[in-house]
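What follows is each chain in one-letter form.
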Amino acid sequence: MYQQVTRKNKNNLFVRECITQSLFKLLESKEFDQVSITDIITKAGVSRMGFYRNYCSKEDVIESYILDIFVKTVEEIQKERALSFKVKNIMVTTLENFKRHEKEMRLFLDRNLDWLLFKCYCKAFDILAQNKKSSRVRLYSNQMFVGELFNFEMSWLRNGMKETPEQMARIFYFILQTRLDMKNFV
């Protein structure tokens, strides 16, 4: 039930933020399946109705958070595209936004929520592609890219994010170039 915040629902923005931050705080000390909706609304100081007006489930809270990150990343990339469209620059922007949310991403990983993160990545790319006619090759290519991006970022996170987003973008671009240059791939 992802909904990007618009003028019409900005009144719920504060409630949504309280719920999101409360869930994150609870995840610092509890496993995801041990956190109840009651725990979240009590910590957030909101009503059950306030929770369900904004979310369907606690998974939906995380999904909305991740999809908001994707939307902001895409908006930044679209602004940059007007200036220059380079894969490396797009990756830098993507990785910078991922890095900004390192604490939350690490929390999700520590709580074994990588399955939910991957689901969000797939959903984000589905949202991006929904208005575009795509061939089957394009569809499979997008899904392959989602898996690669997800695993690339998770590996970076698991390894302590020691490299800068720029260094990681160069690595990603190098890997991409290497694969494109493979003569006997098919």
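Below: a short report on this structure. (Residues numbered from 1 in each chain as written. Predicted model: local features only at pLDDT ≥ 70, side-chain atom pairs only at ≥ 80, totals over all residues. Heavy atoms only, no water.)

**Quick notes on the environment of Glu63**
Consideration 1: Residue placement: Glu63 occurs in helix 4 (residues 58-83).
Consideration 2: For Glu63 and Lys119, which are 56 residues apart along the polypeptide, the C-alpha to C-alpha distance reads 8.3 Å. (Helix = DSSP H or I, 4+ residues; strand = E, 2+ residues; numbered from the N terminus.)

**Here we look at the packing of helix 7 (residues 114-129) against helix 8 (residues 136-158)**
Consideration 1: It is the contact of helix 7 with helix 8, at a shortest axis distance of 10 Å, that shows an interaxial angle of 140 degrees. Taken together, the axes of helix 7 and helix 8 lie oblique to each other. Between helix 7 and helix 8 lies a crossing whose hand is right-handed. Here helix 7 contributes Asp114, Leu117, Phe118, Tyr121, Cys122, Phe125, Asp126 and Ala129 to the contact with helix 8, which in turn contributes Asn142, Gln143, Phe145, Val146, Gly147, Leu149, Phe150, Glu153, Met154 and Arg158.
Consideration 2: Its residues assigned to classes, the contact of helix 7 with helix 8 shows 11 nonpolar, 3 polar and 4 charged. (Axes fitted to C-alpha atoms, helices over the stretch in contact; angles between N-to-C directions. Parallel < 35°, antiparallel > 145°, perpendicular 65-115°, else oblique. Left-handed = near helix turned anticlockwise from the far one by under 90°. Contact = heavy atoms within 4.5 Å. Nonpolar A, V, L, I, M, F, W, Y, C, P; charged D, E, K, R; others polar.)

**Looking at the pattern of salt bridges**
Consideration 1: Throughout the structure, instances matching the rule amount to 10 salt bridges.
Consideration 2: One salt bridge in this structure joins Asp39 and Lys30, with 3.0 Å as the shortest N-O distance.
Consideration 3: By relative accessible area, Asp39 is classed as partly exposed at 23%.
Consideration 4: A residue is classified by how much of its surface remains accessible, and Lys30, at 27% relative accessible area, is partly exposed.
Consideration 5: Of the charged contacts in the structure, one is a salt bridge between Glu102 and Lys99, with a shortest N-O distance of 3.3 Å.
Consideration 6: Take Lys99: its relative accessible area is 30%, and that puts it in the partly exposed class.
Consideration 7: Through salt bridges with shared partners, one network takes in Lys25, Glu28 and Lys103. (Salt bridge = Lys/Arg side-chain N within 4 Å of Asp/Glu carboxyl O. Buried < 20%, exposed > 50% of the residue type's maximum accessible area, 1.4 Å probe, protein only.)

**A look at helix 1 (residues 13-27)**
Consideration 1: The end-to-end C-alpha distance of helix 1, which contains 15 residues, comes to 21 Å, matching closely the 21 Å that a straight helix rising 1.5 Å per residue would cover.
Consideration 2: Buried within helix 1 we find Val15, Arg16, Cys18, Ile19, Thr20, Ser22, Leu23, Phe24, Leu26 and Leu27. (Expected span 1.5 Å × (residues − 1).)

**A look at the packing of helix 6 (residues 102-110) against helix 8**
Consideration 1: It is the contact of helix 6 with helix 8, at a shortest axis distance of 11 Å, that shows an interaxial angle of 95 degrees. Relative to helix 8, helix 6 is oriented roughly perpendicular. For the pair helix 6 and helix 8, contact is made by Glu102, Met105, Arg106 and Leu109 and by Met154, Leu157 and Arg158, respectively.
Consideration 2: Taken together, the residues that form the contact of helix 6 with helix 8 break down as 4 nonpolar, no polar and 3 charged.

**Section: the side chain of His101**
Consideration 1: Locating His101 in the fold gives a position in the loop between helix 5 (87-100) and helix 6.
Consideration 2: In this structure the side chain of His101 is engaged in a polar contact, spanning 2.8 Å, whose partner is the side chain of Tyr65. (Polar contact = N/O pair within 3.5 Å; in protein donor to acceptor, adjacent residues only side chain to side chain.)

**Section: a nonpolar patch on the surface**
Consideration 1: Together, Ile171, Phe174 and Ile175 give the surface a local cluster of nonpolar side chains, amounting to about 280 Å² of exposed area.
Consideration 2: With respect to the helices and strands, the residue Ile171 is situated in helix 9 (residues 165-180). (Patch = residues over 30% accessible without salt bridge, like charges linked within 9 Å, V, L, I, M, F, W, Y side chains within 5 Å. Areas by Shrake-Rupley, 256 points an atom, 1.4 Å probe, with all protein chains shown as cover.)

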